Amino acid sequence: MNQEKKQGADLSELMGRRLQKLDDLKDKGIELYKTKFIRTHKLSQIREKYVDLEAGDKSGEAVKVAGRLMAKRRHGKASFLVIKDGSATIQLYLSLNTLGDERYNLFLDFDIGDFVGVSGEVFKTRRGELSISVDDFELLTKSLRPLPEKWHGLKDIETRYRQRYADLIVNSDAKDVFIRRNKIIKAIRQFFNKEDFMEVETPMLHPIPGGATARPFITYHNALDMDLYLRIAPELYLKRLLVGGFERVFELNRSFRNEGISVKHNPEFTMLEAYQAYADYHDMIELTEKLIKKVAGEVTESKIINYQGMELDFGRPWKKMTMLESLEKIGKVKVSYEMALEELRSIAAEFEVAVDSKDGKGKIISELFEKLVESNIVQPTFIIDYPLEITPLAKTHAQNPELVERFELIMAGREVANAFSELTDPREQRRRFEKQAALRKAGDEEAQYLDQDYLRALQYGMPPAGGMGLGVDRLVMILTDSPSIRDVIIFPHMRPEAGRER
RNA sequence: GGGCGCUUAGCUUAGUUGGUAGAGCAGGGGACUCUUAAUCCCAAGGUCACAGGUUCGAAUCCUGUAGCGCCUACCA
């Protein structure tokens, strides 16, 4: 039909050939981009229904199905194709006898990647492959770009992240990660609904960023002529809701931090935060353990979670130890708040922990913990009783004024959740904010801002409460054995391609 | 931000001491009515990431740039 076909095969020529084919189809009056196709079955439904069909037998049932053309095996006057829909793949059988010369060759002229709708009878080949003997078909969408190779798939990690759509078409394990992520998200919502928590949506654009120590993204509102910050945490708004009288609230959504990108950090990430009135951090430990065990049960049968060669035991009750105990047992260093600041400094120096001249005892102890302990904790462990100095929003510990009632859940060497008994005393909160403001003035860009409206809310009175935050992406990484946060964020942040189109 | 490494056809890749790039899949032509990584025959497809340099000669050596990865620093 087209004698002037180029013989080359680089991308522009491969695509050019498909464009030429598209024009030829259009000339034949064939619609290239249909609006609709009514199916009788998803492919998985056919697979389930006919598992027991004997090889060589016909089902007697005519079906209509649709999907993307994934493989062509031409075999003279009969051919086998594979299509794939959102649920499964299935083989199509085409024969010249059934379709006639023209229709048979028309179908074989479609490209891998095209969407087609077909009708025909379900049967099993002599080799036992469930198939559909096509008696009619139509093109639903023409594909112009060649798909990655069928056997090795798409391996280039950069292309997999940049062109997630291509990754999802050809790598079923990539698709599986996001299906499991969705199950995890659903399970989290179910859990909190069942525990009588109300899901809320608080602002993502904050006039004052708060609730965490992190650098924010700054944006600008034209009509109001003011800077706004993308939230670094929803914490302060959720606690305002406790003041308002909601006793159990949670939010499951994005926060944003303007910091380095790594295997554990994406500029936008999904965080869960939950607040419960009349509860303290011990209650939050119970809640957190129950939540994560429930969620893990939704995506895996086993109580043992394999993560990057580590075996995490989710079955037994999880260990608890104070930060000081963990430093002694795991970090093999004995420290205490009774020690002189100078003594702690020299211990830090001994372990090559960088210490700033402004750092107090609490900061040094937490730096030692991060350097010597955190990465060595594999099994799920609650580390409790954090230094007050690094935790401006938590209630002072009942027994020790240097500490706050806080825990972090550590597993696989990393922090998964963080919780505390919330600080409800507005005058104490003001003093803590003022200390943070002083740090900011001294050049600490991550120190927290003084939020007058939050203090006003606390002045009305906030009930005692426990609060918990959980890095959802990191939990999904562990539950899907993914080495990078980019494997569990469906469109991870990437630098621009700079005109290098592929 | 710092250090190290990677980048070859649409995809997956080979490439020796520097001598001018070799496959498989996909795509094109042909054979084939139960194949399934179908098979067989034929022909094609490369700015070796980009820009400089060294050299008679560079995918290969050197410098710079970009993207990506790993480690490290900051953080969740």
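Just so you know, these numbers come straight off a predicted model, no measurement behind them.

A few points about helix H12 (residues 426-441)
Thinking step 1. A rise of 1.5 Å per residue sets the reference length of H12, with its 16 residues, at 22 Å; its end C-alpha atoms lie 22 Å apart and thus fit the reference within 8%.
Thinking step 2. Elements in contact with the buried residues of H12: strand E16 (403-411) and helix H13 (452-460).

Regarding a nonpolar patch on the surface
Thinking step 1. There is a patch of nonpolar side chains on the surface, built from Tyr-165, Ile-490 and Phe-491 and spanning about 330 Å² of accessible area.
Thinking step 2. Tracing the backbone shows Tyr-165 in helix H5 (residues 164-170).

Describing the side chain of Arg-240
Thinking step 1. Note that Arg-240 resides in helix H7 (residues 235-243).
Thinking step 2. Separated by 3.2 Å, the side chains of Arg-240 and Asp-451 make a polar contact.

Some words on the protein's contact with RNA strand B
Thinking step 1. Of all residues adjacent to RNA strand B, which total 56 residues, the nearest are Arg-127, Lys-150, Glu-158, His-265 and Arg-474.
Thinking step 2. Within 4 Å of the protein, the contacting atoms of RNA strand B are 63% sugar and phosphate, with bases supplying the remainder.
Thinking step 3. His-75 has a polar side-chain atom sitting 3.3 Å from a base nitrogen of RNA strand B.
Thinking step 4. A distance of 3.0 Å separates a base nitrogen of RNA strand B from a polar atom in the backbone of Gly-76.
Thinking step 5. Those elements giving two or more residues to the surface near RNA strand B turn out to be helix H1 (11-27), strand E1 (58-75), strand E2 (78-84), strand E3 (89-95) and helix H4 (157-162).

Description of the sheet that holds E1
Thinking step 1. On the basis of which strands lie adjacent, the closed barrel formed by five strands has the order E1-E2-E3-E5-E4 and mixed pairing. Averaged over neighbouring strand pairs, the angle between their axes works out to 55° when direction is ignored.
Thinking step 2. Alignment of E2 against E3, held across seven bridges, turns out to be antiparallel. Across the sheet, residue Ala-78 finds its bridge partner in E3, namely Ser-95.

With respect to the sheet that holds strand E6 (residues 198-199)
Thinking step 1. Spatially, the eight strands line up as an open sheet ordered E6-E10-E11-E18-E17-E16-E15-E14, and their pairing is mixed. Strands with a single pairing partner mark the edges of an open sheet, and in this sheet they are E6 and strand E14 (319-322).
Thinking step 2. The pairing of E6 with strand E10 (residues 248-256) spans two bridges and is parallel. Residue pairing for E10: Glu-199 is matched across the bridge by Phe-250.
Thinking step 3. The strands touched by helix H6 (residues 172-194) are E6, E10, strand E11 (268-277) and strand E18 (465-471); relative to E10, the strand with the most contacts, the crossing angle is about 150°.
Thinking step 4. Strands E10, E11, strand E17 (414-421) and E18 of the sheet are contacted by H7, whose axis makes an angle of about 25° with E11.

Regarding the packing of aromatic side chains
Thinking step 1. Taken as a whole and assessed by the stated rule, the structure comprises 14 aromatic pairs.
Thinking step 2. With 5.3 Å between their ring centres and 50° between their planes, Phe-80 and Tyr-93 make a pair best called tilted. Of this pair, Phe-80 sits in strand E2 while Tyr-93 sits in strand E3, placing them 13 residues apart in sequence.
Thinking step 3. Assessed through its relative accessible area of 23%, Tyr-93 is described here as partly exposed.
Thinking step 4. Connected via pairs of aromatic rings, a cluster forms that spans Phe-191, Phe-192, Phe-197 and Phe-250.
Thinking step 5. Directly above the aromatic system of Phe-137 lies the positively charged group of Arg-103, at a separation of 4.1 Å from the ring centroid.
Thinking step 6. Above the face of the Tyr-237 ring, Arg-240 is positioned so that its terminal group lies 4.5 Å from the ring centre.

Cut-offs used in this document
Starting afresh in each chain, residues are numbered from 1 along the sequence in its written order. Starting at A for chains and at 1 for ligands, labels are handed out in the order in which the entities are written. Per-residue local features of the predicted model are confined to residues with pLDDT of at least 70, and side-chain atom pairs are confined, for both listing and counting, to 80 or more; whole-chain, interface and lining totals are unaffected and use all residues. Each side-chain value is worked out from all heavy atoms of the structure, with water and hydrogens disregarded. Think of it this way: any DSSP run of H or I at least four residues long counts as a helix, any run of E at least two long counts as a strand, and we number them from the N terminus. Helix span, expected: 1.5 Å multiplied by one less than the number of residues in the helix. What makes two residues a contact is simply this: any of their non-hydrogen atoms within 4.5 Å. Like-charged residues within 9 Å of one another, or nonpolar side chains (Val, Leu, Ile, Met, Phe, Trp, Tyr) within 5 Å, are grouped into patches, provided each residue has over 30% relative accessible area and no salt bridge. What sets the accessible areas is the Shrake-Rupley method with a 1.4 Å probe; for residues, cover comes only from the shown protein chains. When a carboxyl oxygen of Asp or Glu lies within 4 Å of a side-chain nitrogen of Lys or Arg, that pair is called a salt bridge. As used in this structure description, the phrase polar contact means that two N or O atoms lie within 3.5 Å; if the pair is within protein, one of them must be able to donate a hydrogen and the other to accept it, and residues adjacent in sequence are counted only when both atoms belong to side chains. We call a residue near a molecule or strand when any one of its heavy atoms sits within 4 Å of it. Any two strands are treated as partners once DSSP identifies two or more bridges connecting them. Axis definition: a line fitted to C-alpha atoms, limited for helices to the stretch in contact. Angles are taken between N-to-C directions and run from 0 to 180 degrees. Geometry of aromatic contacts follows a simple scheme: Phe, Tyr and Trp rings, the Trp one being its six-membered ring, pair when their centres are within 6.5 Å, and the pair is stacked under 30 degrees between planes, edge-to-face over 60, tilted otherwise. Note on exposure labels: buried denotes an accessible area under 20% of the residue type's maximum, exposed denotes more than 50%, and partly exposed covers the range between, all computed with a 1.4 Å probe on protein chains only. As a reminder, the over-ring test applies to NZ of lysine and CZ of arginine, requiring each to be within 6 Å of the ring centre and within 35 degrees of the ring normal.

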